[in-house]
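# Remarks on the overall topology
Listed below are the residues making up each chain.
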Amino acid sequence: MQNTLELGVNIDHIINIRQARFTPYPDIIEAVQRVEKAGADAITLHLREDRRHIQDADVYRVRKHCTTRMNLEMAATDEMTNIALDVMPRDCCIVPEKREELTTEGGLDVIGQFERIKKVTQRLVAENIKVSLFIEPNIEHIARVSEIGAPVIELHTGTYANLVGDEKQRELERIQLASEFAVEQGLQVNAGHGLDDQNTMAIAQIPQIRELNIGHYLIARAVFVGLEQAIKEMQQIMQQARL
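We now turn to the structure provided with this report. Nothing here was measured: the structure is a model prediction, and the numbers come from that model.

### Thoughts on unusual backbone geometry
That bond from Tyr25 to Pro26 is cis: its omega, -5 degrees, falls within 30 degrees of zero. In this structure, Met88 takes a positive phi of about 60 degrees despite not being glycine. Within the secondary structure layout, Met88 lies in the loop between helix 4 (78-87) and strand 4 (91-94). Judged by relative accessible area, Met88 falls into the partly exposed class, the value being 29%. Within the chain, His193 stands out as a residue other than glycine whose phi angle is a positive 110 degrees. By secondary structure assignment, the location of His193 is in the loop between strand 7 (188-192) and helix 9 (200-204). In this structure His193 comes out as partly exposed when scored by relative accessible area, which is 23%.

Here it is, written out as structure tokens:
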């Protein structure tokens, strides 16, 4: 089993608290500093088209102060692509986006939106930004990723996280098979969405997966134990999975 499994911490939900009352706190740079101090490998943030949490200024500030990797989640639009090319994060993850959703629901329609996703991906890749596509563990979709030109996929684990019993196990097996297929295609495999202290272990035991992106659970747990402790607890789960 590959021992290296990195953790990207999504800080969107910290900023949800700030935006609830439009206060100057919690400060996004303090959040970045505390996440990095805890040993996270990347800072993930999603600049949504409706700007419901992360704002444009936040993206620029994080890029200036981030000392690890900045992973910008974004929709496949010209506006977001232009912002990304101005900010120049290390990584960009292209995600589906609907204004009415509570959070990102499901993966990209790589087949139906092939040309648009390819256009955005190639603009970013041309500037040496590492692009990942947030997709379902679907072999048919993964098979088209190389044509798009993205070197990384992030498998949507939200369905797995919400299931129980035999259905959960079948979805886990689907993620495993998708991970194996993706690596055979020369892709890096990351995973994320809905992961917590109860369901991360099984995902982290899939040896092909290189990085997990986790946000909501860590911020919820931080209410009781602090952000750094919440991150360290998750890292322990991930490390235990790779023994």
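### With respect to the pairing of strand 8 (residues 209-214)
Side chains on a regular strand alternate between the two faces of the sheet. Of all 6 residues in strand 8, 5 are buried; the element is thus mostly enclosed. With 4 bridges connecting them, strand 1 (residues 6-10) and strand 8 associate as parallel partners. From the neighbouring strand, Gly8 faces strand 8, where its bridge partner is Asn213. Where strand 7 and strand 8 come together, 4 bridges link them in parallel fashion. From the neighbouring strand, Val189 faces strand 8, where its bridge partner is Ile209.

### Digging into the packing of helix 4 against helix 5 (residues 114-125)
Across the interface, helix 4 lies against helix 5 with an axial gap of 10 Å and an inter-helix angle of 10 degrees. One element, helix 4, and the other, helix 5, form an angle in the roughly parallel class. On the side of helix 4, the interface is formed by Asp78, Thr81, Asn82, Ala84 and Leu85, while helix 5 contributes Lys119, Val120, Arg123 and Leu124. Here the contact of helix 4 with helix 5 is composed, by residue class, of 4 nonpolar, 2 polar and 3 charged.

### Section: the packing of aromatic side chains
For any pair of aromatic rings, geometry is given as the distance between the ring centres together with the angle between the planes. Within this structure, the stated rule accounts for 0 aromatic pairs. Its guanidinium or amino end placed over the ring of Phe114, Arg144 lies 4.4 Å from that ring's centre, counting from NZ or CZ. The aromatic ring of Tyr160 is capped on one face by Lys168, whose charged end is 4.5 Å from the ring centroid.

Reading guide: rules and limits
Residues numbered from 1 in each chain as written. Predicted model: local features only at pLDDT ≥ 70, side-chain atom pairs only at ≥ 80, totals over all residues. Heavy atoms only, no water. Helix = DSSP H or I, 4+ residues; strand = E, 2+ residues; numbered from the N terminus. Buried < 20%, exposed > 50% of the residue type's maximum accessible area, 1.4 Å probe, protein only. Pairing = 2+ DSSP bridges. Axes fitted to C-alpha atoms, helices over the stretch in contact; angles between N-to-C directions. Parallel < 35°, antiparallel > 145°, perpendicular 65-115°, else oblique. Contact = heavy atoms within 4.5 Å. Nonpolar A, V, L, I, M, F, W, Y, C, P; charged D, E, K, R; others polar. Phe/Tyr/Trp six-rings, centres within 6.5 Å; stacked < 30°, edge-to-face > 60°. Lys NZ or Arg CZ within 6 Å of the ring centre and 35° of its normal.

Everything listed is a geometric property; what it means functionally is a separate question.
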